[in-house]
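Fold and geometry: a report
The chain contents come next:
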Protein chains: 2
Amino acid sequence: MIRLAPIPAGLPATVPFVGPETLERQAGRPFAARLGANENGFGPSPRALAAMQAAAGEVWKYGDPTNHDLTRALAAHHGVRPRNIVVGEGIDGLLGLLVRLTVAPGDVVVTSDGAYPTFNFHVAGFGGCLNKVPYRNEAEDPQALLDRVRQVGARLVYLANPDNPMGSWHDGTVIRTMLDDLPEGTLLILDEAYAEFAPADALPDIDADDPRVIRMRTFSKAYGMAGARVGYAMGHPDLIAAFDRVRNHFGVNRIGQAGALAALQDRDWLARTVAQVATARARIGAIAGDNGMTALPSATNFVAVDTGRDGAFARGLVDALAAEGVFIRMPGVAPLNRCIRISCAPDAELDILAEALPRAVAAVSRA
Amino acid sequence: MIRLAPIPAGLPATVPFVGPETLERQAGRPFAARLGANENGFGPSPRALAAMQAAAGEVWKYGDPTNHDLTRALAAHHGVRPRNIVVGEGIDGLLGLLVRLTVAPGDVVVTSDGAYPTFNFHVAGFGGCLNKVPYRNEAEDPQALLDRVRQVGARLVYLANPDNPMGSWHDGTVIRTMLDDLPEGTLLILDEAYAEFAPADALPDIDADDPRVIRMRTFSKAYGMAGARVGYAMGHPDLIAAFDRVRNHFGVNRIGQAGALAALQDRDWLARTVAQVATARARIGAIAGDNGMTALPSATNFVAVDTGRDGAFARGLVDALAAEGVFIRMPGVAPLNRCIRISCAPDAELDILAEALPRAVAAVSRA
C-alpha cells in the first residue's frame, strides 16, 4: 500500500540504538545512574548554560543557517579557515550527509566490525556496501583497514580515534601514516568525537586542506551538550562546500548554536571536565578491579571493562545492572562483547554503580 | 580532487534561502524589523520558554530518540495514534526524509511554480525530476496539479494549505476532492505549516491511516519556536514507520522536545497568538493600502502585498526596505513576484515598517 523507493524499501526497520528513555519506560522507572550513552554528566560550562537560556528567549527566530559565528570561532580555535568547517546536527547528522555526498549505491565502504553502528546505518541507508575488518588488540586496525580498502576499492573508510566502543587510541603518527598510504580517491573519515579527552599526541597534525580526510568533532561529549545536537566536520573546502548542496540548512537549532559558541570559549571548564573524567575513569577502573574485572585503557569519557567472560555474561551484566537502575551498554560483536562499556560520571552515579555491580555479578554468575 | 557521488556531483551550490543574519553582516548592522522569514515574533508560550530553560540544565543528555512524550501528546491532541506521527528537525528535515523514502532517481514529482523552494531542493537533491504547474489566482491549483500528476505519472505531489508565499488557502473539501482524485500510487504531501492560523474549514478531515497523504506540521510558526527545530508528520503507520529506516534518530534536540511539549499544552497562548497575528495582518493590510498597494487575503502569519507593479519593482522594495533596516522577502517567480511578503509581528516592528515603506516606495519609484 505504501510504495517506497528501492533503497529504503530494502532497509531493515532496526534502529542504531535504543535510548535509555525507552528502557526506562519498559522498566517503569527512571535509571538511577545513566552511564550507557557516553554522555557527560559533568555537564556544560555555566557560560554555555547561560547562553542557551538566553537564546531560548529568541527561539522565535530561526538559527543562522550558515552557523556563521560558531564556524568562525571554531576556525580560530583550530587555526583553520572558516571554509574548512561545516557545522551540523551532531556527528550523526554529518556522517549521514557525508555518506550521501560520497557513496553511490553499490559503492564499497570499509569500517571495523564493532565500530560505530550509526555510520553503518547511514552507509546501508544510501545503498553502500559495508565491508568490515576485525579489531586487533581491542583497537581499530589501520593496516587491516588499508589492506581491505585496497582489496575492495573502497570509496570511504571510517576510523574513530579514540575508538568507541573500546576507548583505545592510536598515536597521531599512525593516523598520518595511514593517510599517506591511502589509495588515491579513497576518503578517510576520522571520527574524533572523543578528541578532547585524548592525549595530545593522539591527534595528528593534518593540513586542513588535505583532500584525503575529513575529521568529525562534537559538542556532545567533552562539552557536555549531547542534547543540543551540534557537531562539526573539518576538511578540504571543496568537500565542506559540498555539504551546502544537501544539508538541512536551517537544521542546527538556535539555542544549540549559542550554547556551543559559549562552550567553546570556556577553556577552563573544558580542562576541569577533562580532569574530572580522568578521575572518573580511574574510579571505574577500581570498581572493575573490585569485581574481578579489568578496565581497558581509555582516551575517552568511558571505560570498556573486560569481564574476562563471554558476550552472554556481559549481556547478563548489562541487563542485571539495568534491573538495578544502572544504564550501561556493551560492544555489539565478538570478541569485544566480552566487555561492558561504562560512561564516566560524577561520583554520586559511580557510587550507585559501585554498589550495584557486585549484586549484578553475583546474579549473573548464579544464572 | 574531491570525488562526489553522481547525484550530489550534479547539484548546484545554491541554497534555498539566504538567512537574515547573512544580510545583516553584509549591511554591517542588524535589522530593526525582522519580517521576512515568517517567524512569529509574538514568541513561544511562557510555559514553553520555562520548559526550554529547565531542559537546558539537562542538555548533557541526548534527547529521547523516539520523541515519545511529544509524539503521544501530539497524537492525543489530534485524536490519532502515536504510530501516525513522526517528529523531526522541522518540516524541512521531514520533507528531505520523505523525498528520500519515496523518490528514486528519475522519479517525477509535481509541485507549483513558486511554491516552497526547500521542497524542490530536496527533490533535486535525491535525483527526482521536478515538474511544476502555475499558480491560479494567487493560489496553488489542485486541479492543475492533479492533471499534471496524471500526465507525467508523478510519484509525489506537493501542496501547501495555506500556501506560502501567497497566504492563500483552499477549503478542506477541495483538498478532500483532490485526494479522492489522486491516481493510485501517488502520495500527496500536504504541508500545513500555517494550519493553526487558518479557518477551521481549511483543514480537511482525513483519516490518519489514509495511505494517500502525509500531513506536515511545525512548532516554528504559530507556536513561535522556529529556532527550536521541531516539526512533525502525520500519516499511515507504515509510512511513518519507514522514517525510522533513514532518520537521524537522535536528531531532535532535547530542549526543543521539552519546549514543544509545553507549547502544545498551552492552548490559551496559541489562541492569543492567533488573535495577535490576525490583528497584525489587518495592520499590514492598512500599511499596504496607505502606500497604494493591496494586501492579499491570508490564512497565515504573513501577508502577500500586491505592489501593482512588476517583479523588478518588488525586488527594489525588498532592497530599499533592507537598506531601511526592514527584512522582508518576496515570491520567487512571475507573476507572483509582483508581490512582497511581510511577516506578522508585534506593533513595534510594524511601526518601523509603516515608517520605512513610504520612503522605500519613493526611492524605488524614483529609480
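This one's a predicted model, so the numbers in the text were calculated from it and none came from an experiment.

1. Comments concerning the nonpolar core
The biggest cluster of nonpolar side chains holds 209 residues, and the ones touching the most others in it are F119(A), F219(A), F119(B) and F219(B). Beyond its immediate chain neighbours, meaning those up to four positions away, F119(B) contacts L95(B), V99(B), V109(B), T111(B), L156(B), Y158(B) and I189(B). By size, the runner-up hydrophobic cluster in this structure holds 17 residues, among which are L146(A), A154(A), L179(A) and L182(A).

2. Observations concerning the interface of chain A and chain B
On the side of chain B, 81 residues touch chain A, which itself brings 81 residues to the contact. For the pair chain A and chain B, the two sides together bury roughly 6,500 Å², of which 62% comes from carbon and sulfur. Among the residues of chain A in contact with chain B, W60(A), Y62(A) and R245(A) are the three that bury the most area, contributing 14% of the side total. For the interface between chain A and chain B, the tally reads 4 salt bridges. When the shortest N-O distance is used, the salt bridge between E21(A) and R254(B) registers 3.3 Å. Scanning the region where chain A abuts chain B turns up 39 residue pairs in polar contact (both at pLDDT 80 or more). Only α1 (6–9), α2 (20–27), α3 (46–56), α4 (68–78), α5 (90–102), α6 (117–125), α9 (237–242) and α10 (254–265) of chain A provide two or more residues apiece to the side of chain A that touches chain B. It is α5(A) that provides the largest number of residues to the side of chain A that touches chain B, a total of 5 residues.

3. Here's the deal with the side chain of N120(B)
Position of N120(B) relative to the elements: it lies in helix α6 (residues 117–125). Discounting residues that sit within four places of it in the chain, N120(B) has contacts with T111(B), A115(B), L130(B) and K132(B).

4. With respect to the domain arrangement of chain A
All names here are of chain A. As assigned here, chain A comprises domain 1 (18–43 + 268–366) and domain 2 (46–265). Of note, the centres of domain 1 and domain 2, computed from C-alpha atoms alone, are 25 Å apart. At the junction of the two partners, domain 1 supplies 25 residues and domain 2 supplies 23 residues. Taken together, both faces of the contact between domain 1 and domain 2 bury some 1,900 Å²; the carbon and sulfur share is 67%. On the domain 1 side of the interface with domain 2, the three residues burying the most area are L270, A299 and L336, jointly 28% of the side's total. In this assembly, domain 1 and domain 2 are joined by 1 salt bridge. Between E138 and R338 there is a salt bridge; the shortest N-O distance is 3.0 Å. Those elements that provide at least two residues to the side of domain 1 that touches domain 2 are α11 (267–290), β10 (302–306) and β12 (339–343). Per-element tally for the side of domain 1 that touches domain 2: the top contributor is α11, with 6 residues.

Each value, and the rule that gives it
- Residues numbered from 1 in each chain as written.
- Chains lettered and ligands numbered in written order.
- Predicted model: local features only at pLDDT ≥ 70, side-chain atom pairs only at ≥ 80, totals over all residues.
- Heavy atoms only, no water.
- Core = buried A, V, L, I, M, F, W, Y, C linked by side-chain atoms within 4.5 Å.
- Buried < 20%, exposed > 50% of the residue type's maximum accessible area, 1.4 Å probe, protein only.
- Contact = heavy atoms within 4.5 Å.
- Buried area = accessible area lost by both parts, 1.4 Å probe.
- Salt bridge = Lys/Arg side-chain N within 4 Å of Asp/Glu carboxyl O.
- Polar contact = N/O pair within 3.5 Å; in protein donor to acceptor, adjacent residues only side chain to side chain.
- Helix = DSSP H or I, 4+ residues; strand = E, 2+ residues; numbered from the N terminus.
- Domains from an automatic or database assignment.

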